[in-house]
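Chains, contacts and geometry: an overview
What follows is the residue order along each chain.
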Amino acid sequence: MLGISHLLISGIATSLFLETSESSVILTGAIAGLLPDIDTSMSPAGRMFPWVAGILEAKQSHRGISHSLFASAIVGCICYVGAFFDHWFLPYASAITIGFTFGWFADTFTQGGVQMFWPSQVYCICPGNRKYRLKTGSNAEYILLAMLIGIALTVFGIESKGGMFNEFNRLIAAPSGVVSLYNEQGNSHKIITTIKGTYSSDRSKVDGKFLLLRQIKDGFIVYSHGSVYKASNEPDAQIVIESITADVGELAVTTIDSLYLSDEPIGEALSKYSRPGVLVFVSGHLKSDDQLIIPHDSHELETIKASNDSYTLEFAPLEKVLNAIGEEFGAGELEIRSIISTSPKTEKSDIDI
Amino acid sequence: MAQALVDNLRGEGYLVAFSEPASPKQMLMAIAEQFGLSTQTLEGKRLTLEALKLAISDFMFHNHTVLIIDDAHLCKVDFRHWLKKCRSRGGCHLVLFATHPPLSDIFLTMPRKRLAPLSGRAIRGIMAYEAKLRGIQLTNADFARLQASAGGNPALAIRSIEEEYLGVEQETADHKQFVVITSVLMMIGTLLVVLRFIGLGTSDRNLYILGGIGGSVFIGVSRLVYSLPKEGRRIK
C-alpha cells in the first residue's frame, strides 16, 4: 500500500475516533500510520529510524511483528505512559496508537496480508480471494486513494463543525439533537438554534435563528430580537416546530441569581443586573398592590403576566421588565438568569439575535 | 526434504529406495533398480507391472528396507493400494511425503506427522543459500520482503529467490499461512446493529437511527463480500 494511502487512512481514523479536527493531532495520527513499515529500511519510517529497521529486517519478515496487535499494544503502552507524566500529550498518545493500528490494519486488504496475531506466523487477509485484494500502486489503489481523499475532506469538515453526531443531528433536524448539544456545550457556549415552523397565532412561517434559553417539557424556550418564545409541538407553544437544528455559538457562561424583594421598587432592585453585552432574563412571582395592564404580543411568550395582586414573570427580558413594571413596588422572589459572553472581541460573534 | 532424508538414511547404511510420482510402472522400475532387483525376465523381456510389484514386495518382506515416496498424494490409487498391501505384509518401512492427502487408503492407515512451517531463521538460511548459489546479493530488506511470500515453506522460499534472480516482481504469496478475517470484521459490524437496540432501549433517537443506518449498510456490505467468488486453485 502506498504511503499516502496509509497517511489518509490513519488520519481519517484518528479524526473519527478522537472526534477532533485539530490539525496537529490528525497529522500525528497520520504520520503514525507510516510507523508499522519500520520493519523495512526502504520505507520512510525505516529510513528515519535505520537502526530499528536494521534489527527488525534482520530477524523478521516484512509485515510481521510491526504489523500486529502486539506492536499496537506496545506502542499504546509507551504513549500512554508518556501521557501519564505529561497530560497535554494524551490526545497525541491516542492519535499515535490509533494511527499506528490503522496503519498496519490497512495492509490486511493487500495481497500479502499482515501477521496480526504475531508471534503466530499466520497472515491475516481480507477478503479471501487475492483477486480482490489491493496491489501496491495498482489502479484499484489509486481509485481507493481518490475515495480516501473525498472521505478525508468530508470527515475533517464534519469534525470541524462539531462532530459526526452533531452533523447527523443537523441532518435529521430533530429536537433530540438540540438537547444533546445543549447538554454538551450549554454550560460554556451560547446554543444557537435554527427553527423552521409556524407561529401558532397566525400560522405565518418561521425560519430563523434563536438563542436557546432553556429546555422545557417537549420543547424549548428561545429568544430572538428582544422576544421570547416557547417552541415545541404543544398547542400552547408560540412556534410550532417543523425542524430544529443547533449550533455552538460564542463562549458564554450562564449565571443564576436569586433576588428577594420586600415591597421595594422593582426597577431599582433589578437595575444592577443591567450590563452591556449581558442578556438577562427574569422569572418569578411578585406581589404588588398596584396593577398595570401589560400589553402582550400573541406571537411571543407572555413573559409578564399580571393578575389581581401579583405579577408572574417567565423568562422576561430585563429591558422589558424595567419598561413594564420598573416603577412598581413588589415583594417576592425572583430568579435572574444572566448570559454573559466571554468571547474576545476578535473571535467570531454570534448572529444578530 | 525427501531427498535429504534419502541421503541421510543411505549414509547410515539403510537400504533405501526413493521415487517421485510418475506412471506406476516407471515408479516400480525406479524402486526395483534402487533395490538392485532385475527388471527383466530371463528371456530379456521387461517385467510386467504385476511381476514388478511382486518382486519388490517380496524383496521388502525379506530385507530391512525403507521406501520413500515424495508427493505421494499425486500417486495413482492402485499404486497407493499396493503400498498399503506391502505395509500390511510387513518388513517394509514407508515414508510418504504428501500435501493435503486424501483421508483414504494408505493415508488412512499410516501414522501421520504434520510438518510445521519452517521457522523464519530456517527460511532465511535457505534463501541465503539459494541466493549465494545464484550469485545474487540481497539485503536484509530484500530477505524480509521475500520471506513474507514464503510463509515457512522451503519450496516457496527457493522459488522467491529464483523470482528475484529473474527479476520477476511478485507481491502475492502462495503459501497456506493465511487466515481470512472477513468474518471477524463482519462480527465487528454487528455492533452497529447492537447500537440500534441500545438506542431503542435508552430512547436515544440518534443512536437508534445511526445504528439502524449503519446496520443496514453493514448487512449490504456483508452480502456483497460473501457473494465475491472464492479464489480458484489454479495459478492465474
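Residues numbered from 1 in each chain as written. Chains lettered and ligands numbered in written order. Predicted model: local features only at pLDDT ≥ 70, side-chain atom pairs only at ≥ 80, totals over all residues.

Observations concerning the overall build of chain B
- The helix and strand tally for chain B stands at 10 helices and 4 strands.
- For chain B, the α and β elements follow one another from N to C terminus as α-β-α-α-β-α-β-α-α-α-α-β-α-α.
- For 236 residues, the compact-globule estimate of 2.2 N^0.38 gives 18 Å, and the C-alpha radius of gyration of chain B, at 27 Å, exceeds that figure by more than 25%.
- Considering only C-alpha atoms, chain B reaches an extent of 95 × 45 × 30 Å along its principal axes.
- Scored against the burial criterion, the 236 residues of chain B give a buried share of 24%. (Helix = DSSP H or I, 4+ residues; strand = E, 2+ residues; numbered from the N terminus. Rg over C-alpha atoms; globule rule 2.2 N^0.38 Å. Buried ≥ 20, exposed ≤ 12 C-beta atoms within 10 Å, placed from the backbone.)

What about the overall build of chain A?
- When helices and strands are tallied, chain A shows 11 helices and 10 strands.
- For a compact globule of 353 residues, the expected C-alpha radius of gyration is about 20 Å, and chain A comes in at 29 Å, more than 25% above that figure.
- Each of the three principal axes of chain A carries a C-alpha extent, and together these read 95 × 45 × 35 Å.
- Here chain A, with 353 residues, has 42% of them falling under the buried criterion.

As for the sheet that holds strand β2 (residues 65-69) of chain B
Residue and element names in this part refer to chain B.
- Strand order in the open sheet made by the 3 strands is β1-β2-β3, with parallel pairing throughout. Two strands close off the open sheet at either side, each with one partner strand: β1 (15-19) and β3 (92-96). Pairs of neighbouring strands in the sheet enclose a mean axial angle of 20°, with direction left out of account.
- Helix α2 (residues 24-35) contacts β1 and β2 of the sheet and is inclined by roughly 160° relative to β1. (Pairing = 2+ DSSP bridges. Axes fitted to C-alpha atoms, helices over the stretch in contact; angles between N-to-C directions. Contact = placed C-beta atoms within 7 Å.)

Side note on the interface of chain B and chain A
- Taken together, the contacts link 30 residues of chain B with 36 residues of chain A.
- Per element, the largest residue contribution to the side of chain B that touches chain A is 7 residues, and it comes from helix α7 (residues 140-150) of chain B.
- The pairing of strand β1 (residues 123-125) of chain A with strand β4 (residues 178-180) of chain B spans 3 bridges and is classified as parallel. Bridge assignment links A:C124 to a residue of β4(B), and that residue is B:V179.

Structural notes on the domain arrangement of chain A
- If you check the domain split of chain A, you get domain 1 (3-160), domain 2 (169-250) and domain 3 (253-341).
- Using only C-alpha atoms to locate each centre, domain 1 of chain A and domain 2 of chain A end up separated by 43 Å. (Domains from an automatic or database assignment.)

Concerning the confidence of the model for chain B
- Here chain B averages 85 in pLDDT, and 98% of its residues register 70 or above.
- In the model output, the complex is listed with pTM 0.72 alongside ipTM 0.73. (pLDDT = per-residue confidence, 0-100.)

What about helix α9 (residues 175-185) of chain A?
- Along α9(A), the residues classified as buried are A:P175, A:G177, A:V178 and A:L181. All buried residues of α9(A) fall inside an arc of 155° around its axis, so they share one side.
- For α9(A), the elements touching its buried residues are α8 (164-172), β2 (189-199), β4 (219-224) and β6 (239-265) of chain A together with α10 (205-226) of chain B. (Arc of directions from axis to C-beta.)

Some details on the packing of helix α6 (residues 120-134) of chain B against helix α8 (residues 154-166) of chain B
All names here are of chain B.
- Axis separation between α6 and α8 bottoms out at 9 Å; the angle between their running directions is 35°. Relative to α8, the crossing made by α6 is right-handed. Residues I123, I126, M127, E130, A131 and R134 of α6 form the contact with α8, whose participating residues are P154, A157, I158, S160, I161 and Y165.
- Partitioning the contact of α6 with α8 into residue classes produces 9 nonpolar, 1 polar and 2 charged. (Left-handed = near helix turned anticlockwise from the far one by under 90°. Nonpolar A, V, L, I, M, F, W, Y, C, P; charged D, E, K, R; others polar.)

Describing the domain arrangement of chain B
- In terms of domain boundaries, chain B breaks down into domain 1 (2-109), domain 2 (120-166) and domain 3 (182-226).
- Relative placement of domain 1 of chain B and domain 2 of chain B: their C-alpha centres are 33 Å apart.

As for the pairing of strand β10 (residues 329-341) of chain A
Residues and elements named next belong to chain A.
- As paired elements, β6 and β10 share 12 bridges and run antiparallel to each other. Within the sheet, the bridge partner assigned to L261 lies in β10 and is G332.
- In terms of strand pairing, strand β7 (residues 278-287) meets β10 through 10 bridges, oriented antiparallel. Opposite H285, over in β10, you have E333 as the bridge partner.

Quick look at the pairing of strand β3 (residues 205-216) of chain A
Residue and element names in this part refer to chain A.
- Examined bridge by bridge, β2 and β3 share 7 bridges and lie antiparallel to one another. Its bridge partner being in β3, T198 is matched across the sheet by K205.
- If you look at the hairpin formed by β2 and β3, you'll find 5 residues sitting between the two strands, and R203 has a positive phi there, around 60°.
- Where β3 lies against β4, 5 bridges are found, and the strand directions are antiparallel. Bridge pairing in β4 places L211 opposite Y223.

Some remarks on the nonpolar core
All names here are of chain A.
- Residues V222, A231, V282 and V321 are the most contacted members of the largest nonpolar core, which totals 42 residues.
- There are two domains that each give this core at least three residues, and those are domain 2 (169-250) and domain 3 (253-341).
- Among the nonpolar cores identified, the runner-up in size contains 39 residues, and Y92, A95, F102 and Y123 belong to it. (Core = buried A, V, L, I, M, F, W, Y, C linked by C-beta atoms within 7 Å.)

Details of the packing of helix α5 (residues 69-85) of chain A against helix α6 (residues 90-105) of chain A
Residues and elements named next belong to chain A.
- Direction vectors running N to C along α5 and α6 enclose 175°, while the axes themselves pass 8 Å from each other. By the angle between their axes, α5 is roughly antiparallel relative to α6. Taking contact as the criterion, the partners of S72, V75, G76, C79, Y80, G82 and A83 in α5 are, on α6, L90, A93, I96, T97, F100 and T101.
- Of the residues in the contact of α5 with α6, the class split is 8 nonpolar, 5 polar and no charged. (Parallel < 35°, antiparallel > 145°, perpendicular 65-115°, else oblique.)

Here's the deal with the environment of A:S258
Residue and element names in this part refer to chain A.
- Take S258: it is sitting in strand β6.
- Each C-alpha atom, one on S258 and one on D39, is 66 Å from the other, the two residues being 219 residues apart in sequence.
- In contact with S258, not counting residues within four places along its chain, are E333 and E335.

Topic: the environment of B:A131
All names here are of chain B.
- On the secondary structure map, A131 appears in helix α6.
- For the pair A131 and I161, spaced 30 residues apart in sequence, the C-alpha separation works out to 6.2 Å.
- Discounting chain neighbours no more than four positions away, the residues touching A131 are I136, L138 and I161.

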